[in-house]
Amino acid sequence: MGALFARNGNMTRNQQHILYRVAAPADSEAIVHLLADVFPKHDPPAVAIGVTTPEFEEFVRLLLPQSEVDGLTLVAQQHGTGELAGVMLSLDSASPMPEALDRLPPKFLPVFEILGHLEDQYRKGSLPSPGESVHLYLLGVSSRFAGQGIAQRLVAESTATAARRGYRFAVTEATNRTSQHIFRKNNFVERVQGSYALNPVFASIVNHGGPILMDKAI
Ligand SMILES: CC(C)(COP(=O)(O)OP(=O)(O)OC[C@H]1O[C@@H](n2cnc3c(N)ncnc32)[C@H](O)[C@@H]1OP(=O)(O)O)[C@@H](O)C(=O)NCCC(=O)NCCS
């Protein structure tokens with residue numbers, strides 16, 4: 001157990017008070033609420049399309065059954081309080097995406113399209129086998145815990161967990177400069193870059209360049 005330390009006059013808990021573990025079914029509601037809180041506020045493409053918290057909740061709920069089957073999602077949890085500090089929702093790259101994604105509001109489409117295009121360029125028609133590639137899909141850290149390296153550690157723990165299960169590659173589409181920095185620090189390599197300038201719906205976030213598909217041998 002680490003010690004509490006004071007920073008800028010506030011009592012702040014350091015990294016050693018955070019437990020990293022594979023998500024359990026009982027974490028589902030907390031995962032939904034955390035991701036649906038941070039993405040609409042802070043992920044540039046989610047902000048650009050104006051996705052609301054309930055809409056993002058619906059999206060995450062559709063992903064959770066497959067995430068539970070694959071067992072690759074990691075959570076960061078505060079010791080003592082049990083509060084969820086962060087989530088790295090991951091799937092086996094060979095797992096099917098839920099068909100019900102089609103029923104989400106059409107505002108999601110530009111995001112699915114720009115990310116899907118990156119994946120098409122990367123895969124070029126050849127899909128990985130189950131157990132080969134882990135897809136690091138939704139990374140979120142509660143703003144109460146921001147800037148403590150929790151996202152970086154979630155990425156590291158997620159790839160380590162997948163590697164222990166025999167996975168050989170990790171892949172992600174990093175949608176903003178902060179997440180791109182986090183994945184680069186974890187030795188992910190840029191493979192395909194998109195551009196927000198190509199679709200007017202993303203006009204407000206062109207300063208983020210575009211999403212980058214990155215991968216890593218693990
Ligand atoms: C992105 C997010 C996961 C970061 O979580 P976090 O735990 O605060 O991140 P960490 O503390 O591990 O690391 C943040 C790093 O990004 C850096 N950073 C912060 N703002 C940045 C910016 N605008 N550009 C580049 N790097 C930036 C920090 O300096 C830090 O790096 P360092 O340790 O080398 O100094 C969190 O802000 C979040 O949930 N955002 C909303 C959802 C989202 O955007 N997810 C990623 C989608 S792919």
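Below is a short write-up of the structure. (Residues numbered from 1 in each chain as written. Predicted model: local features only at pLDDT ≥ 70, side-chain atom pairs only at ≥ 80, totals over all residues. Heavy atoms only, no water.)

## A look at the overall build of the protein chain
Alright, step 1. Scanning the protein chain from terminus to terminus reveals six helices and nine strands.
Alright, step 2. Taking 218 residues into account, the globule formula puts the C-alpha radius of gyration at 17 Å, and the protein chain, at 17 Å, falls close to it.
Alright, step 3. If one aligns the C-alpha atoms of the protein chain with their principal axes, the spans along those axes are about 50 × 40 × 30 Å.
Alright, step 4. Looking at the 218 residues of the protein chain, the share that counts as buried comes to 50%.
Alright, step 5. Relative to all contacts within the protein chain whose residues are 6 or more apart in sequence, the contacts with residues 24 or more apart total 75%.
Alright, step 6. Total accessible area on the protein chain stands at roughly 10500 Å², and carbon and sulfur atoms take up 54% of it.
Alright, step 7. Once the 19 positive and 21 negative side-chain charges of the protein chain are each reduced to a mean point, those two points are 10 Å apart. (Helix = DSSP H or I, 4+ residues; strand = E, 2+ residues; numbered from the N terminus. Rg over C-alpha atoms; globule rule 2.2 N^0.38 Å. Buried < 20%, exposed > 50% of the residue type's maximum accessible area, 1.4 Å probe, protein only. Contact = heavy atoms within 4.5 Å. Areas by Shrake-Rupley, 256 points an atom, 1.4 Å probe, with all protein chains shown as cover. Lys, Arg positive; Asp, Glu negative; His and termini not counted. Charge placed at Lys NZ, Arg CZ, Asp CG, Glu CD.)

## Details of the site of the ligand
Alright, step 1. The local shell around the ligand holds 24 residues, among which Leu 139, Gly 147, Gly 149, Gln 152 and His 181 are the closest.
Alright, step 2. At a separation of 3.4 Å, an oxygen atom of the ligand approaches a polar backbone atom of Gln 148.
Alright, step 3. In this structure, an oxygen atom belonging to the ligand sits 2.8 Å away from a side-chain N or O atom of Gln 152.
Alright, step 4. About the coverage of the ligand: the protein hides 71% of its 980 Å² of free accessible area.
Alright, step 5. Mapping the ligand onto the cavity grids shows that it belongs to the largest pocket.
Alright, step 6. For the shell around the ligand, the elements supplying multiple residues, two or more each, are α1 (28–42), β6 (133–141), α5 (150–164), β7 (169–174) and α6 (177–185).
Alright, step 7. By residue number, the principal contributor to the shell around the ligand is α6, which donates six residues. (Near = heavy atom within 4 Å. Polar contact = N/O pair within 3.5 Å; in protein donor to acceptor, adjacent residues only side chain to side chain. 1 Å grid on protein atoms, 1.4 Å probe; cavity = no way out; pocket = protein on both sides within 12 Å on 5 of 7 lines; lining within 4 Å. Sits in = over half its atoms within 2 Å of the grid points.)

## Brief notes about the pattern of salt bridges
Alright, step 1. Following the criterion strictly, the structure yields eleven salt bridges and no others.
Alright, step 2. Taking the shortest distance from any N to any O, the salt bridge between Glu 132 and Arg 168 comes out at 3.2 Å. One end of the pair, Glu 132, is in the loop between α4 (109–123) and β6; the other, Arg 168, is in the loop between α5 and β7, with 36 residues separating them in the sequence.
Alright, step 3. Accessibility expressed as a relative area gives 22% for Glu 132, which makes it partly exposed.
Alright, step 4. For Arg 168, a relative accessible area of 46% gives the class partly exposed.
Alright, step 5. As a salt-bridge pair, Glu 157 and Arg 153 come within 2.9 Å of each other at their nearest N and O atoms. On the criterion of helical spacing, the pair formed by Glu 157 and Arg 153 is a turn pair, its members being four residues apart in helix α5.
Alright, step 6. The partly exposed category is assigned to Arg 153, whose relative accessible area is 36%.
Alright, step 7. Three or more residues are tied together by salt bridges with common partners; here these are Glu 29, Glu 57 and Arg 61. (Salt bridge = Lys/Arg side-chain N within 4 Å of Asp/Glu carboxyl O.)

## Here we look at the layout of surface pockets
Alright, step 1. Its volume calculated, the largest pocket comes out at about 830 Å³.
Alright, step 2. Forming the boundary of the largest pocket are 43 residues, of which Phe 39, Leu 139, Gly 140, Asn 176 and Ser 179 lie nearest the centre.
Alright, step 3. Top element by residues in the lining of the largest pocket is β6. It accounts for six residues.
Alright, step 4. Here the residues of the lining of the largest pocket are counted per class, giving 26 nonpolar, 15 polar and two charged.
Alright, step 5. Roughly 400 Å³ of internal volume is contained in the second largest pocket.
Alright, step 6. In this structure, the second largest pocket is lined by 18 residues; those nearest its centre are Met 97, Gly 116, Glu 119, His 135 and Tyr 137. (Points joined across faces, edges and corners; volume = space filled by probe spheres on them. Nonpolar A, V, L, I, M, F, W, Y, C, P; charged D, E, K, R; others polar.)

## Examining the packing of α1 against helix α3 (residues 53–70)
Alright, step 1. Between α1 and α3, the least distance of the axes is 8 Å, while the angle of their chain directions is 135°. The orientation of α1 with respect to α3, classified from their angle, is oblique. Seen from above, α1 lies across α3 with right-handed handedness. Contact residues: Ser 28, Glu 29, Ile 31, Val 32, His 33, Leu 35, Ala 36, Phe 39 and Pro 40 in α1; Thr 53, Phe 56, Glu 57, Val 60, Arg 61, Leu 64 and Glu 68 in α3.
Alright, step 2. Considered class by class, the residues forming the contact of α1 with α3 number nine nonpolar, three polar and four charged. (Axes fitted to C-alpha atoms, helices over the stretch in contact; angles between N-to-C directions. Parallel < 35°, antiparallel > 145°, perpendicular 65-115°, else oblique. Left-handed = near helix turned anticlockwise from the far one by under 90°.)

From the geometry alone we can't say anything about function, so treat these as descriptive.
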